[in-house]
Amino acid sequence: MEFFLQLLVDGLTVGGLYALIALGFTMVYGILLMINFAHAEMFMTGGFIGYGMLNLFGNYTTIGIVSDALPFMSFLKSTQPFFTTTALGFIIMMILVFGTSAVLTGCLGMLIERFAYRPLRNSPRLCALISALGMSLFLQNFVLTFVGHRMVFPTPEFLANLDAINVFGYIFIAPIDMIIFCSALVLLFVLDRFVNKTKLGKAMRATAQDKDAAGLMGININSVIALTFFIGPALGAVAGTFFGMKYGIVTFNMGLFPGIKAFTAAVLGGIGNLRGAMLGGFLIGILEAMASGFVSISYRDVITFAVLILILIFRPGGLLGESVVEKV
Amino acid sequence: MLLSVKDLHTSYGKIRAIRGISFDVAEGEIVTLIGANGAGKSTTLRTLSGLETPHQGTITFEGEDITGMKPHDITKKSLIQVPEGRRVFPQMSVRENLDMGAFLRNDKDGIAEDFEKVMAFFPRLEERINQKAGTLSGGEQQMLAMGRALMARPKLLTLDEPSMGLAPVIIEVIFDIICKLNDEGITILLIEQNAMLALGISDRGYVLETGHIKLSGTGDELLSNEDVRKSYLGED
């Protein structure tokens, strides 16, 4: 039982990351019926930007090299203890790190849509898919060439000094896991409210259901699609930065497996369905944790994908995917 | 003229769907375009709404050239279309669909007022206000599509085959409402295969054939025209 609960905690943490990435896949698919292969690279890019920002505030090497040359850097050096050791500073730093990573990656997502996908919108769907694959390879190799193949994530002192949270005396939750799980829940909740309750969110849903009709309502389809390509990558970037903080490393090809798992999560939940992606993300995370804990870590992916296949046999549209019969 | 179309050409790839059509709609009129399948009726409306881009010709609405504008910009001008096949948002509730109709408006009171009006026109929608639009019957979806268009407060309402696939009783209701809307000052441009019904309520009509306008006249003139009677009313 203790073992089970411990695995559950691990599964929920990783599942939160999968859910955040899966949303990007499912949102783009919902609107453009296209699998954005480059989305895994949004996760990776977000991780690298998060690394850069965290370094700016907390790491010594970067600042040490150029600190005295630039007034801004010496300012950062003086604020560094505040950001890395105090609770308030840590929270502010986290907001800045994640905010920057999300916004920059979101903008990158919009750029990719504008230049790699939009010109192909009226071409056969395969064209955009190939363009997405190309974008994915380009981004990986760009980072590999100009940034580096891997970066070791610094751990802020404040976080390192926190004790693991002890529940019932036998389950231990690492602080970073707690942060990841709670942040993921908050983001998922906010996104759900946004899409279901706000005017802009409803415009997104309308666009996903019928682009022509949405245009006739006065919705600017291109803006809505651009917005989708901002939100998805922004959430992916948050996941990428969390990934770096949890595992202590980011690599140029780190998007591959989380990307496949998150895509699987989106399909499992019913691709195109936001709540499905969230549910799918957590399910895959838990399934993985259970499989590696109770069976073997080497059979983890076999079991995960076997369950996926089983579910899709009985519910081809995914768990929450509904097939509304349209009447003509 | 509220709407004036001059020498409009639109193609789908190499297929020239409309080849130089010209027509006018004056304020307060009901104008009908009739024609067989593939005559270019829907293409004409889609081009008016910006869903297709013409490669020649001009569309003038309220004295302004709107040729080649995007659909959302044309909607801003209060030229509103009820598309062929209703095209309601199937996974949204009836209320959400109506809200989408008022997407560009910010006048809360005006929207509420129009909402009441739509409810009065279509009591059936009020009964199903929280139901998903995809679960409505064809007739109800047509009512919803029209209600949604009304929420935009149209100056010119274009309707693409509102009677398609509906029971005669429902068609009567729909056409009644089209007349009522016209009485309230909304100009109507109608496309119909049901020529008898459409010309009966129209001030003027145009007959489209393979992308050209073949005939035009008042509704009664066309109804008594021999060619029209033969081709579209099924008389020998």
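Now for a description of the structure that goes with this document. (Residues numbered from 1 in each chain as written. Chains lettered and ligands numbered in written order. Predicted model: local features only at pLDDT ≥ 70, side-chain atom pairs only at ≥ 80, totals over all residues.)

A few points about the overall build of chain A
Counting its secondary structure elements, chain A contains 14 helices and four strands. Relative to its length of 328 residues, chain A is compact, with a C-alpha radius of gyration of 21 Å against a globular reference of 20 Å. Each of the three principal axes of chain A carries a C-alpha extent, and together these read 70 × 50 × 35 Å. The buried share of chain A, taken over its 328 residues, is 47%. Of the contacts formed within chain A by residues at least 6 apart in sequence, a portion of 75% connects residues at least 24 apart. (Helix = DSSP H or I, 4+ residues; strand = E, 2+ residues; numbered from the N terminus. Rg over C-alpha atoms; globule rule 2.2 N^0.38 Å. Buried ≥ 20, exposed ≤ 12 C-beta atoms within 10 Å, placed from the backbone. Contact = placed C-beta atoms within 7 Å.)

Focus on the nonpolar core
Core analysis: the biggest nonpolar cluster contains 159 residues, and Ala19, Leu20, Ala22 and Val238 of chain A have the highest contact counts within it. Excluding residues that lie within four positions of it along the chain, Val238 of chain A makes contacts with Leu20, Gly46, Phe98, Ser101, Ala102 and Leu187 of chain A. (Core = buried A, V, L, I, M, F, W, Y, C linked by C-beta atoms within 7 Å.)

Observations concerning helix α4 (residues 108-121) of chain B
A turn of α-helix holds 3.6 residues, and therefore any two residues three or four places apart point the same way. When the terminal C-alpha atoms of α4 of chain B are compared, their 20 Å separation across 14 residues agrees well with the 20 Å that a helix rising 1.5 Å per residue should span. Turning to α4 of chain B, the residues buried within the fold contact α3 (94-101), α5 (123-127) and α6 (138-150) of chain B. (Expected span 1.5 Å × (residues − 1).)

Description of the interface of chain A and chain B
How large an interface is tends to be reported as the accessible area lost when its parts come together. Tallying the contact residues gives 18 residues for chain A and 25 residues for chain B. If you list the elements that add at least two residues to the side of chain A that touches chain B, you get α9 (199-209) and α10 (211-216) of chain A. No other element matches α9 of chain A, which puts five residues into the side of chain A that touches chain B. Tallied by class, residues from the side of chain A that touches chain B come to eight nonpolar, four polar and six charged. (Nonpolar A, V, L, I, M, F, W, Y, C, P; charged D, E, K, R; others polar.)

Considering the pairing of strand β9 (residues 204-209) of chain B
Residues and elements named next belong to chain B. β9 sits mainly inside the fold: five of its six residues count as buried. The sheet contact formed by strand β3 (residues 30-35) and β9 spans five bridges and is parallel. In the sheet register, Val31 faces β9, and the bridge partner there is Arg204. Across six bridges, β9 lies against strand β10 (residues 212-218) in antiparallel orientation. Bridging across to β10, Arg204 finds its partner in Thr218. A loop of two residues connects β9 with β10, the two strands running antiparallel in sequence, and Thr210 in this loop sits at a positive phi of about 35 degrees. (Pairing = 2+ DSSP bridges.)

Focus on the packing of helix α12 (residues 256-269) of chain A against helix α13 (residues 274-295) of chain A
Residue and element names in this part refer to chain A. The interhelical angle for the contact between α12 and α13, taken along N-to-C directions, is 125 degrees, at an axis separation of 7 Å. By the criterion of interaxial angle, the relationship of α12 to α13 is oblique. Classified by chirality, the crossing of α13 by α12 is right-handed. Along its contact with α12, which presents Lys261, Ala262, Thr264, Ala265, Ala266, Leu268 and Gly269, the element α13 presents Gly276, Ala277, Leu279, Gly280, Gly281, Leu283 and Ile284. Grouping the amino acids of the contact of α12 with α13 by side-chain chemistry returns eight nonpolar, five polar and one charged. (Axes fitted to C-alpha atoms, helices over the stretch in contact; angles between N-to-C directions. Parallel < 35°, antiparallel > 145°, perpendicular 65-115°, else oblique. Left-handed = near helix turned anticlockwise from the far one by under 90°.)

Examining the sheet that holds β9 of chain B
All names here are of chain B. Strand order in the open sheet made by the six strands is β6-β7-β8-β3-β9-β10, with mixed pairing throughout. At either end of the open sheet lies a strand with only one pairing partner, and these are β6 (79-82) and β10. When strand polarity is set aside, the average angle formed by the axes of neighbouring strands in this sheet is 15 degrees. The strands touched by helix α1 (residues 41-48) are β3, β6, β7 (156-160), β8 (187-192) and β9; relative to β7, the strand with the most contacts, the crossing angle is about 145 degrees.

As for the sheet that holds strand β5 (residues 64-65) of chain B
Residues and elements named next belong to chain B. Read across the sheet, four strands follow the order β2-β1-β4-β5 without closing on themselves; strand pairing throughout is antiparallel. Either end of the sheet is taken by a strand with one partner, and the two such strands are β2 (15-25) and β5. In this structure, strand β1 (residues 3-12) lies alongside strand β4 (residues 56-61), joined through five bridges in antiparallel fashion. Each residue of the ladder has a partner; that of His9, found in β4, is Gln56.

Comments concerning the pairing of β6 of chain B
All names here are of chain B. Because side chains alternate across β6, one face comprises the buried residues Leu79 and Gln81, and the other comprises Ile80 and Val82, equally buried. Bridge count for β6 against β7 is four bridges, and the pairing is parallel. For Val82, the partnering residue across the bridge sits in β7 and is Leu159.

Details of the environment of Arg275 of chain A
Residues and elements named next belong to chain A. Along the chain, the position of Arg275 falls in helix α13. Since 18 C-beta atoms lie within 10 Å of it, Arg275 is described here as partly exposed. When the C-alpha positions of Arg275 and Leu23 are compared, they lie 8.6 Å apart, and in sequence the two are 252 residues distant. Excluding its chain neighbours within four sequence positions, the residues that come into contact with Arg275 are Asp192 and Leu320.

Description of the environment of Glu64 of chain B
Residue and element names in this part refer to chain B. Relative to the assigned elements, Glu64 resides in strand β5. You can call Glu64 exposed: it has 10 C-beta atoms within 10 Å. Measuring from C-alpha to C-alpha, the distance between Glu64 and Phe103 comes to 23 Å, with 39 residues separating the pair along the chain.

Topic: the packing of helix α8 (residues 175-197) of chain A against α9 of chain A
All names here are of chain A. Remark: α8 packs on α9, axes separated minimally by 5 Å, with the N-to-C direction vectors making an angle of 75 degrees. Compared by their axis directions, α8 and α9 come out roughly perpendicular. Within the contact between the two elements, α8 uses Phe194, Val195, Asn196 and Lys197 and α9 uses Gly201, Met204 and Arg205. Partitioning the contact of α8 with α9 into residue classes produces three nonpolar, two polar and two charged.

Brief notes about unusual backbone geometry
Residue and element names in this part refer to chain B. For Arg86, which is not glycine, the phi dihedral falls at a positive 65 degrees. Position of Arg86 among the secondary structure elements: in the loop between β6 and α3. Arg86 gets classed as buried once you count the C-beta atoms within 10 Å, which come to 28. The phi angle at Thr210 is positive, at roughly 35 degrees, despite the residue not being glycine. Here Thr210 shows up in the loop between β9 and β10. What makes Thr210 partly exposed here is the crowd of 14 C-beta atoms within 10 Å.

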